[in-house]
Amino acid sequence: MVDIGLQQIGLELGSGAVIGGLIGFTAKKVAKIIAILVGLELALFKFLESQGILIVDWDRLSAGLVNASSAATDAATGGQPPGIVVSLLSVIPVSAGFTGGFLVGFKKG
């Protein structure tokens, strides 16, 4: 039988929440920076194309984005779930804390 202590569960929830909050806050900031860079890059491509300096194949560019998205989805859903109930129960406090902290950090970021 698994020995469950309330202090240990609280510690795992709290540490997961703090780590999740920091990662969520950082993830939103990084996502904003990446979105700005990609937007500037596409605007630059469009400007250079309108000046006749560059020729952009927009169909191939968007097809690459669709392929990358489907590849990421396949990789994320390809794993087998663990079959051991004890291992699942041992990660619930950390996962719950991390998820809550990540969502709060992402919203505040």
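Structural notes, computed from the coordinates. What you see is a predicted model, and the numbers here were worked out from it, not measured in a lab.

Considerations on the packing of aromatic side chains
Part 1: Under the definition given, this model contains 1 aromatic pair.
Part 2: Ring centres of phenylalanine 102 and phenylalanine 106 lie 5.9 Å apart, and the angle between their planes is 15 degrees; this geometry places the pair in the stacked category. You can see phenylalanine 102 and its partner phenylalanine 106 sitting in helix α3 (residues 85-108), 4 residues apart, about one turn around the helix.
Part 3: On the accessibility criterion, phenylalanine 102 (26% relative accessible area) is partly exposed.
Part 4: On the basis of relative accessibility, which here comes to 34%, the residue phenylalanine 106 falls in the partly exposed class.
Part 5: The lysine or arginine in question, lysine 28, covers the ring of phenylalanine 106, its NZ or CZ lying 5.6 Å from the ring centre.

Calculation notes
- Residues numbered from 1 in each chain as written.
- Predicted model: local features only at pLDDT ≥ 70, side-chain atom pairs only at ≥ 80, totals over all residues.
- Heavy atoms only, no water.
- Phe/Tyr/Trp six-rings, centres within 6.5 Å; stacked < 30°, edge-to-face > 60°.
- Helix = DSSP H or I, 4+ residues; strand = E, 2+ residues; numbered from the N terminus.
- Buried < 20%, exposed > 50% of the residue type's maximum accessible area, 1.4 Å probe, protein only.
- Lys NZ or Arg CZ within 6 Å of the ring centre and 35° of its normal.

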